[in-house]
Amino acid sequence: MFQVDKSTYKLADGHEMPMMGFGTYKLDNPDLMNKTIATAYESGYRMFDTAQYYRNEKMLGDAIRNVANRDDVFIIDKVTEMNQGHDLTINSTDFSLQQLGTDYVDLLLVHWPVAEHFFETWHALEELKKQGKAKSIGVSNFTQSQLELLKTQADEMPVVNQIETHPYLTQQPMIAFDKKMSIITQAWSPLGRGAVLDNPMLAKMAKHHGKTPAQIILRWDIQRGISIIPKSQTPERIKENTELDFELSDDEMSMLNVMNKFQRTGNEPELVYELGKRY
């Protein structure tokens with residue numbers, strides 16, 4: 001049975017990660033951050049996702065300390081493009097830890113792949129793990145070809161690949177490849193930034209289960225074996241998103257899988273890789 005505060009995945013390095021976490025993108029006001037994180041924690045969330053790019057690490061660290069002990073939560077942080085390269089990755093992570101007010105993060109990710117600093121950034125993450133500043137390391141927005149390239153020089157491979165995936169961008173081949181590599185796929189924007197919520201088929205499924213379209217999508221992700229980090233600022237939605245104690249049938253899973261339109265709400269990873277920045 002799914003329980004947001006107890007359901008976990010075992011990572012390839014032996015550590016455990018919650019199946020479901022809380023995204024903090026665009027939470028850039030201290031009062032809002034405090035209220036939102038308090039509501040999320042009360043609702044059972046124990047994993048919180050931030051990034052250097054979000055510029056809210058200090059706010060998140062402060063908000064977490066208001067409601068929980070450090071050992072009770074799982075914090076994800078991500079190294080942004082402008083801070084990649086060996087020394088910049090090390091230094092910027094040290095600054096991120098200062099902002100968060102912690103000695104370590106549970107999971108440190110390369111936010112987007114950048115060709116110019118591809119291998120040295122990853123080797124810096126490997127060093128940070130050895131130093132105890134990151135318990136686990138992974139990547140975000142990496143494609144199959146980029147993971148295959150990384151494997152040629154990595155001392156250890158990522159345990160998580162955080163990618164955009166939702167019913168209009170199902171990413172089935174990418175998820176299958178991650179699984180083959182013992183990498184947990186984690187979905188950012190699992191609700192497609194709201195773009196998929198008005199789909200009539202989703203509405204019918206939601207009515208059948210007595211759930212919301214968002215709950216149907218999040219349950220679909222859990223049954224696909226991936227981790228999710230939905231975000232919301234609405235207390236009712238924050239709690240509602242954790243109420244996933246139901247099961248979709250094989251037919252329902254198949255119907256959701258064929259909704260794919262290759263429709264992104266974010267950037268194309270291959271272009272960011274070449275440009276060195278988001279566009």
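A. Focus on the packing of aromatic side chains. Applying the stated criterion across every chain yields a total of 5 aromatic pairs. Measuring from centroid to centroid gives 5.0 Å for Tyr25 and Tyr54, while their planes differ by 45°, and the two rings are tilted. Linking Tyr25 in the loop between β3 (22-23) and α1 (30-42) with Tyr54 in the loop between β4 (47-49) and α2 (57-67), this pair joins segments that are 29 residues apart in sequence. Using a relative accessible area of 25% as the deciding quantity, one classes Tyr25 as partly exposed. Put simply, the rings of Phe118, Phe119, Phe142 and Tyr273 touch in pairs and so form one group of aromatic residues. Taking NZ or CZ as reference, Arg46 lies 3.7 Å from the ring centre of Tyr41, over its face.

B. Fine view of unusual backbone geometry. One non-glycine residue with positive phi stands out, namely Lys26, at about 75°. Note on placement: Lys26 falls in the loop between β3 and α1. If you check the backbone angles, Asn141 has positive phi at about 65° while not being a glycine. Within the secondary structure, Asn141 is located in the loop between β7 (134-140) and α5 (144-151). Given a relative accessible area of 4%, Asn141 falls into the buried group.

C. Representation of the pairing of β7. Burial within β7 is extensive, with 6 of its 7 residues counted as buried. Looking at chain direction, strand β6 (residues 105-110) and β7 are connected through 5 bridges and run parallel. Bridge pairing links Val110 to Val139 in β7. The parallel pair β6 and β7 is bridged by helix α4 (residues 118-130), and the resulting crossover is right-handed. In the sheet, β7 pairs with strand β8 (residues 160-164) via 2 bridges, with the strands oriented parallel. When the bridges of β8 are listed, Val139 appears paired with Asn161.

D. Examining the sheet that holds strand β5 (residues 74-79) more closely. Strands sit in the order β3-β4-β5-β6-β7-β8-β9-β10 across an open sheet of 8 strands; the sheet is parallel. Each edge of the sheet is formed by a strand with only one pairing partner; in this case those strands are β3 and β10 (227-228). Bridge analysis of β3 against β4 gives 2 bridges, and the strand direction is parallel. When the bridges of β4 are listed, Phe22 appears paired with Phe48. Sheet contacts for helix α3 (residues 86-100): β5 and β6; angle to β5, the most-contacted strand, approximately 140°.

E. Seen up close, the environment of Ile238. Mapped onto the elements, Ile238 comes out in helix α9 (residues 235-240). On the accessibility criterion, Ile238 (1% relative accessible area) is buried. Along the sequence, Ile238 and Lys179 sit 59 residues apart, while their C-alpha atoms lie 28 Å from each other.

What counts and what doesn't
Residues numbered from 1 in each chain as written. Predicted model: local features only at pLDDT ≥ 70, side-chain atom pairs only at ≥ 80, totals over all residues. Heavy atoms only, no water. Phe/Tyr/Trp six-rings, centres within 6.5 Å; stacked < 30°, edge-to-face > 60°. Helix = DSSP H or I, 4+ residues; strand = E, 2+ residues; numbered from the N terminus. Buried < 20%, exposed > 50% of the residue type's maximum accessible area, 1.4 Å probe, protein only. Lys NZ or Arg CZ within 6 Å of the ring centre and 35° of its normal. Pairing = 2+ DSSP bridges. Right-handed = clockwise from strand over helix to strand, strands pointing away. Contact = heavy atoms within 4.5 Å. Axes fitted to C-alpha atoms, helices over the stretch in contact; angles between N-to-C directions.

What is shown is where atoms sit, not what they do.
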